[in-house]
Every structure is written in C-alpha cells, then in structure tokens.
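# Coordinate analysis (summary)
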Amino acid sequence: VKVFRTLYRLALRAWPRDFRTRHQDEALQMAEARVREEAGLRRALRAARELGNALRVAPALPSYRRVAIVGPPAGHTAFGGAMPFALRLAVRTLSRQRTLTVAVITTVGLAVATNTALFSIFDGLLFRPLPFPGADRIVHVDFPAEIRRALPPAEVRLLTSMLGETTLIELRASAAPAALFLEEGAAAVRDWDLRPARVSPGLFTLLGIQPMAGRLLTAEDASGPRDSATFGDRIESVFRSPVILISYELWQAHFGGDLGIIGTPIELPGMLFQRGPVLAGVLPRGFDFPGGANIWIPTRDASDRFDLARLAPGASIEQLRAALPGIRITPLREHVRPAGAFALGVLLAATGLLVLVAWVQVAALLFARAVGRATEIGVRLALGATRFRIARQFAMEGVLVAGAALLLAWTLAPAITATAVALLPETTTRGQSVAPDVRTLAFAGLVSLAGVLVLTLVPIDIIRRSSPLALVRGVLFENMRQGAARTRTLMLVTQICITAILMYMAGLSAQSYSRVSAVDLGFDPGRLVGIPMPALSMLVGGSEDDRRASQKRQMQQFAESLPAIQALPGVAAAASGRLPLYATANLSDQRFDVVAESDTPPIASARVDDVTPDYPSVLGLRVTEGRVPSPSELSSDRWAFVNEALARQLAHAGPVVGRIITVNKRQRRVAGVVSDFVVARPDQSVEPVVLDLTQAAQSAFMLVKLEPGLVGDRAVAAIRTTLDRIWPDRASREIVHLSALANTATADYRSRATLLTLIGLLCLPLAVTGVTGALSYGIQQRKREIAISVAVGAAPNRVRRRLVRQALIAVGSGLIVGTIGGILMGRFMSAFLFQVGAADPFAIGTTVTVLLPIACVAAWCASRRVATIDPALALREP
Amino acid sequence: VPSPHDLLPLTHLMYAVLLLLAEKTDHPYELVRRVRERSGGLIDPGTGSFYSVLARAQQQGMIRESSAQADTRRRVYEITPLGRRALAAEAARLASQVKAAHAVLTPGKKRT
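In what follows, the accompanying structure is described.

Parameters and conventions
Per chain, the residues get numbers from 1 upward, laid out in the order the sequence is written. As they are written, the chains are lettered A onward and the ligands numbered 1 onward, keeping that order. Predicted model: local features are reported for residues with pLDDT of at least 70 only, side-chain atom pairs are reported and counted for 80 or more only, and whole-chain, interface and lining totals are derived from all residues. Computation of side-chain values covers all heavy atoms of the structure but excludes hydrogens and water. Helix and strand definitions follow DSSP, with helices as H or I runs of at least four residues and strands as E runs of at least two, each counted in order from the N terminus. Three labels apply to residues, based on accessible area from a 1.4 Å probe with only protein chains included: buried if under 20% of the type maximum, exposed if over 50%, partly exposed otherwise in between. The criterion used for residue contact is that any of the two residues' heavy atoms lie within 4.5 Å. Residue exposure ignores everything except the shown protein chains as possible cover, and the areas themselves are Shrake-Rupley values with a 1.4 Å probe. If DSSP finds at least two bridges between two strands, the strands pair. Note on method: axes are straight lines fitted to C-alpha atoms, helices fitted across the in-contact stretch only, with angles between N-to-C directions ranging 0 to 180 degrees. Here is the rule for angles: anything less than 35 degrees is roughly parallel, anything more than 145 is roughly antiparallel, 65 through 115 is roughly perpendicular, and the remaining ranges are oblique. Put simply, a crossing is left-handed when the front helix is turned counterclockwise from the back one by less than a right angle, and right-handed when it is turned clockwise. Patch rule: a residue counts if its relative accessible area is over 30% and it has no salt bridge; like charges are joined within 9 Å, and nonpolar side chains (Val, Leu, Ile, Met, Phe, Trp, Tyr) within 5 Å. In what follows, salt bridge is the name for a side-chain nitrogen of Lys or Arg lying within 4 Å of a carboxyl oxygen of Asp or Glu. Working rule for helices: expected span equals 1.5 Å times residues minus one.

Right, let's get into the overall build of chain A. Counting its secondary structure elements, chain A contains 32 helices and 21 strands. The buried share of chain A, taken over its 878 residues, is 49%. For chain A, long-range pairs separated by at least 24 residues make up 82% of all intrachain contacts whose partners lie at least 6 apart in sequence. Element-wise, carbon and sulfur atoms account for 60% of the exposed surface of chain A, whose accessible area totals about 40700 Å².

Residue and element names in this part refer to chain A. Reading across the sheet, the 4 strands line up as E2-E9-E1-E10 and stay open at both edges, with antiparallel pairing between neighbours. Looking at which strands have only one partner, the edges of the open sheet turn out to be strand E2 (169–173) and strand E10 (328–331). Direction aside, neighbouring strands of the sheet carry axes that sit 30° apart on average. Taken together, the 3 bridges between strand E1 (residues 138–142) and strand E9 (residues 308–311) define a ladder with antiparallel strand orientation. Bridge pairing links histidine 140 to leucine 308 in E9.

Our next topic: the packing of helix H2 (residues 17–37) of chain A against helix H3 (residues 47–59) of chain B. Look at H2(A) against H3(B): their axes get within 10 Å of each other, and the N-to-C directions meet at 140°. The orientation of H2(A) with respect to H3(B), classified from their angle, is oblique. When you trace H2(A) past H3(B), the crossing you get is right-handed. Judged by residue contacts, A:Phe19, A:Arg22, A:His23, A:Glu26, A:Ala27, A:Met30, A:Ala31 and A:Arg34 of H2(A) engage B:Thr47, B:Phe50, B:Tyr51, B:Ala55 and B:Gln58 from H3(B).

It is worth spelling out a nonpolar patch on the surface at this point. All names here are of chain A. Where nonpolar side chains cluster on the molecular surface, the patch consists of Val3, Leu7 and Leu10 and spans about 290 Å² of accessible area. By the secondary structure assignment, leucine 7 is in helix H1 (residues 2–12). A relative accessible area of 40% places leucine 7 in the partly exposed class.

So, on to the sheet that holds strand E3 (residues 175–177) of chain A. Residues and elements named next belong to chain A. If you walk across this open sheet you meet the 6 strands as E3-E4-E8-E6-E7-E5, and the pairing is mixed. Of all strands in the sheet, those with a lone pairing partner are E3 and strand E5 (213–214), marking the two edges. Seen against the sheet, helix H12 (residues 248–255) touches strand E6 (243–247), strand E7 (278–283) and strand E8 (295–298) and runs at an angle of roughly 85° to E6.

Moving on to H3(B). Residues and elements named next belong to chain B. The end-to-end C-alpha distance of H3 is 18 Å, a good match for the 18 Å that 13 residues give at a rise of 1.5 Å each. When we look at burial in H3, the residues that qualify are Thr47, Gly48, Ser49, Phe50, Tyr51, Ser52, Val53, Leu54, Ala55 and Ala57. Of the residues one or two after H3, glycine 61 is the one with positive phi, at around 85°.

So yeah, pure geometry; function would need other evidence.
Here you go:
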C-alpha cells in the first residue's frame, strides 16, 4: 500500500495542476481505501487498475487556468496532437543556443562513438560467436611435438590412430596460414596483401561455408602425384595447375568481381606457383579463416594429420578429451580468441568509466543550460504552462540531441574502431571480424536513450524544486544557491577523478609495456631465425619394414638438413634446439625433476631440450663455466649444459661442472654453465633449463644466425629452397624471425597500454570542457560579486586569478582522489602488470603533469569571461 | 441557461452519480461505494474515472460543492436544478428507449 501511495501520487502528477491541488488528497485517500478493500493478488490488480485509471483520465480533466502564449492550437490533446508543435519549439530552442547544442552533441556523440568502437572490439574479440553454423561443435586438436617425443612410440602410434578413427569426431580438416607461397619481399605481395592458407578440402564442409560463386575445393584438387594409381595419372597430376579459392574482397578489389574468371587460370603476382593457378570459386564476403587468409590452396585431407574437427552429434568435448589423453583439444572459439583477451576485461571497466565521464560532462552542460533557461521556464509556468508540458519539451529536445549524437556516433564509430584495431598488435586482432554492427548500434542506442533520460530529468528536477516567481527572477533553488554551486563543483571533482583514474591506469600499462620490452632476453633476437622442423611422422599401417624404412629416411633427412643449411652463404651459424619465445601456448610446459645424487630429493624442476653443441654460441649465450665437449667426448658420454639459474641451485652441493645429474630417469654429465635466457615469456622469471648435447639432435627447431646485411636477407630464400630439396613432402616451410616473436610476446601488454592510453586521451577533451563549463558557471553565478569587486577597484586579473585558483582546488582534489582510486584499481590490475607496483611514481607523475597544466590553461582561458562583465550593467540587474 | 437536452445522453456513471446525488448530498468516497452497491458491482469506476466524471458534471453545472460542509477535509456535493432536469430528461430518454426495445422484442410483434 505504501508503494501504491507513492506511485499513485506520481501518477496524479499527470493531472492538471490546479485540479490536482484541489482533489489529490481526497483522490489519494479514496484510491488507497479501495486498494485496502482487496487482498492478495486482487489487491495488486486493483492497485494497477487505479494507477492506469488515474493516468488515462488525465488528459480529459479540466484545467482551470488556460495556457496562454506558447500553447498548441485548441483541440490538440496533451499526448497526441501537440507533438509537432513541441518538435517545432524544440528545434527553435536548440538552434537558438547553437554553441551549447553543438557542444552537447559533440561530447555525447564522441563518447558514444568511442564506446561503440571499444565495445565492438571487446564484442568481436570476446563475446561474438564465430560466424560458422554450429561453431560450438568445432574443436581445435593439437598433438604437441613435445608430448609426441616424450611418449613411447607405440603409444604415439596408438593415439594417432585413435585420433583418426574415433567416432566422436564427425568431420576432420586442416587449415594453416602458408606464407611459403609468397615471394619474399616482392612489392606485389605488399600491394595485393595476399595471405595464402593451406587448407584441406573438407574444411569448408566442416565450417558449413558455401561458395559465393563457383565451387569449393574437392579431394581431387588436393591430390598429388603420390595419390595417383597409374603412372599416366602421376605424370598428369604433376603438370596439372593448382586449384585455388579466393576471398570475396580480393575478387572485388583485383578482379572487379568478374564472374568470367571463375574456372580459368588467373595471375596472382608475388605468388610462388609453378604454373598459373585455376580459380575454382569465390568464398562469401567476410570469410577469412584461418588468420585473415584470402587465398586458399588445397592440401590433402588426412585422417592422421588434421587440426580441426567437428564433434559427432551427441559427442561432447569432455568425452573426446577423456578418450584421447595427451592430445590438446580446445573449442575453436577459445583457440582463435587471443589468449590474453580476457584480460581486456579491465579495459571494459575503463570504457565504463569513460561513459561515466561523458555523462557527468553532459549533466554539467545541461545544468548550465537549465540555469540559463530559468527565466524562460518561470515565465511559461507563470503564464499557465503545465509542468508536464515543459518536461515534455525538454524530453523532445533530449530526443533531438540524442538522435543527432547517435547519428554522429554512428558516422565516427567505424573510423575510431579501425584506428583502434590498427593500433592493436596483430596477434590480438588476427582472424577476428571487428566492426560495428547491429549489436553495437543497439548498444549505442541504449547509451543514447540513457542520455535522453538525463536530458529530461535534470531540468525537471530543477522545475520541481522552484516556484515560477523565483524562476522568473532568475533565482534557481531558492535558498539553495550554495547547494547548486556545491553540486557543480562535485561534478567537476568527479570528472577529474575519473579522468585521473583512467590516465593512471594508462600510465601503469604503458610502464608495464616498457618494462616488458626492456627485459633482457639473454640473447639478441636481431639476426636470428627459427625453422620448425617436421615432427617425426609415424607410418600408420604398413609392414614393420616399411615403418623402419620411413623412420630411417627421416633420420637421414634430419642429419642432412643442418650441414646443408650451415653451408649456405649468408648463414653465420646454425644449430638444432629449442626456439626461445616461440608460440608459447603450443609448447608443452613439461618440466622434469632434476636429481643431483641418487636417492636424494629433487633439487629443481627444469625444462629439458636436445640441442647440438654449438646451440649456445648460435643463440649468443655465454658459457660461464666449463666448455663445449669435443666430438669424441660427446660420443662416449651423455653431456648437458645447465643455465645459471639451475647452476645456482646445484652449487649448494659442490662444483657444478663435471657433476652427474639425473633428469627424466636419464643420467648426464654437466659440461658447463650457460648464461640465463628467456625460454618462454619475457614476463616470467627465468627458469632452470637443461640442454642435452647431441651431435644429431632431432629437435623441433633449427636455429639459424644470419649474416648482417643483404647477404643474410637473401639467405632466407636459400634456406627455403634447401629444405624443399631435403624434405620434398614437407607441409610447412614457415621461417620465424625471433625479433617478431619478441614483439608477439609483449603484444598483450602493448594492446592494453594502447587502448588505455587511447581512452585516457579521449577523456582529456572532456575534462577540458568540464573545467571550462564549471568556471563559466561559477562566473555566471557570481557576476554581482565580481562586478562589485571590479567596481571598487580590483584588477580584473586578480579576480581571474582568484577564480582560477578556486577551480584548480577542485581539480587538485579530483586529482588526489583519482590517483588514490587509480592505485586501488592498480591492485586489481596487478595480474596484468609487469614489474610495476600499484603505486607507481611514473604513472602518478604522468597523470599529474598531463592533467594539471591542461586544467590550468582551460581554467585561465575560461576565466576570460570576467573581463566581459560590465560592473554598471551587472549591478543594475535584478 | 444551457438546456438539459444538450447534455444528453449521459454516461452510465454520470447517470448513476446524478441519481444518487438526487437522493441526498454526499461525499465522493461514499458516492463510489453506493454506485457499486446499487449496481450490484456492475459499475465499479476507478478513482480517476470517478473524479473525471465529477469534474465534468461540475463544469457543466449539473452538480456543485455543497455550501453546508460539516467537515472541511471532505468535499460534499449536491445536485443543481440543471442536474435534476438533465437527470429527468435522461430518464425519459431511457424510458422511450426501453419502450422501443419492448416493441421489437415482444414475441407477438416479432417479424419472421
């Protein structure tokens, strides 16, 4: 009943004012009594009916006063017919206060645009489902080479065959970017922006993609000479042109959307094809899987070599994981999403703060506007306009402003999104479709709607509190002037505070990024490239002899590769071994216990890798103790290097060099100690490493140091040709530059720093408007006081200084509170920070040195208005 | 002086209110209660609707606030001579309507 009373009193507001004053107490009593008569659900129904009834009859109730001057022609009802009139009035009012209108629309529009852009990015990176039908049933399958090597061969064979035969999987396919088809450094590659991918023909069925024109790839397109049964077919397949698919975008940009080229050989400059590829078809617009590809080259479907799978109906990912232990199975969505993306949640919070800043700003602008319109409202009320009518007009103005802002936001959002995406590291945005769409438009619309509410409620609140007479005299909030000034100052403090928090967070992220980039990797990635070697593939099926032969051939290929590459011109040195920093997510994090003496507890757990003896020198590690064993020593004993981190732990029990240690149940003698280097991520502490020395390491990677200058650049192509000769059936010829890996490793930090800085910078103009607005309002309010001080001889500059000082006190308190808030936020952010404490002097310094001068300048410029006050005129005003 | 015929036809609720006020002067809450009671719950106006009818009747001069008010917090309404004439006219109109209906519905005169 209490709630009903409040609601009913609100509903009665819709009644004409004087009718309400006469009857509202009685009506309220009566309605309440009638609600009390009922019980339970009937009471609620009765209450709802009474409320609706009160609202429904409102337009029909007579008003004893007639609305004069600004009123719609007779016959218009309050709800329907008067709207065009209100619209006309709103347009007129808004165009009269052009500067203010533009300021409000720009502020709101910019804020909504930024929000839309950032929301698009978060939405695209985190929330939007993959654009494939039934995408939740598609999984990524990974059998990491390290686990393969760690397991006994029989088990690997078993797992591989199970992977190929399990009924839990309905469809299998493979897809990988294939830069090997690109001519290194060719200008055409850059101009055409070709991004080839090697995919198995089954991929498109698995993803549920239909061609936009032409046809998809077939198993026949992918078959090579080895699949052909007869000699004649083999010859034919060698001379057949490759069949490819291209993206809609490429088709439009470079072939003008010509349907005639489908089914014919086309020319793609910069692509290394032996003969012109035949265009089979064009894929639908926006499809760029995997990793932003725009050319798809077929590779064979193989049951034992695939990385994508569609679960069979009824099968779950847990079942598949349980059936295939050791094989990494992740939903495709998680696999494609950047690993650090969920850390972007912090940024989502930051954008929330940005909205808040914008709305505080808008509220402040409106406050100033309502103050300026007090007289107008007062006159209209005195002439008999109902408060409802005035509120409606504010609502109409709000709708117009919000509509214009939304339009502006929608025009700007794509550009801002594109800029933000361009600023983000490629690893974060790769393969994601990030663009504003209906969802983000809806988001922007919702934000604008909130704006309309603010735009309407603020003036209504002011009308509610004041009488027409006071309003006509230009006095807002009788006896509440102090309160108004205080509210205004509070708004400014809040705004500066939020801006400071955002800038502080940006400072922390930037600091973390610079610290991560400055981490000593322990080696110079500059001239180093890594070449992933093929994993030893196990023949499934076939006789024992076949298998042995295949293994033997692969061993030979491994043995040939290293000397062949070392001999190339432009190659300074090459070794086999772990590739530091490489695709950390795909490497097994397996560590093994290191035992110094038998029957003693392990002293450390370390990563273990097979390397060739010159690996430390190729990587540029210093051998601080011991030496590289000679080939004869190597053949007689098992030797290993340990890094300094492990050596320190071993040193407790005597000299390290020459010590026998047991790792993973195998004994080896420590040949020497090498300097520490970053194994996986620069933001993790250095961990113990054991480098097992072997003459013929079959490691997953070959590490090559290139000669400086042009010779080195050319060597990359030579390496490819050489590997091509040794491994004719190799799937991947990816060559990784370690400097690129170092960049990737810091990508998350970079994207966070970039986005937060962007948000912080966007807050700055809002803060400037805030300071300016607050000061202008203060001057307006204290016109009389200023006029008197000027009249009695105060120099305008002194008055200005006093005003600026007062504004800066507000800015200063906002800064202090904001910095404290930033430090608190920093505690929450600590997981995303690197070697930066929550209270970081650099971040505090940046926040203060950026915000304070800007606020000073804004305040000083805004205080110019003091000079325009004519004491004679100002004092004569009522 | 407005003619009572200009005010016809009266709404259901207006007719009921005038009828009750013709019986005796009363205040709104009691009026609503009586309206409901008399109609056997068939006419059960919302508070808002009821005030809307009161306001219209008052504006048209069919009722007025009684000058003899015992309680200042409760407004008591009485019917005016115009209201009484309008009520009579409405009753007559309704009676003729009822007669017309009878003429049609009586079985002897029903067309086949």
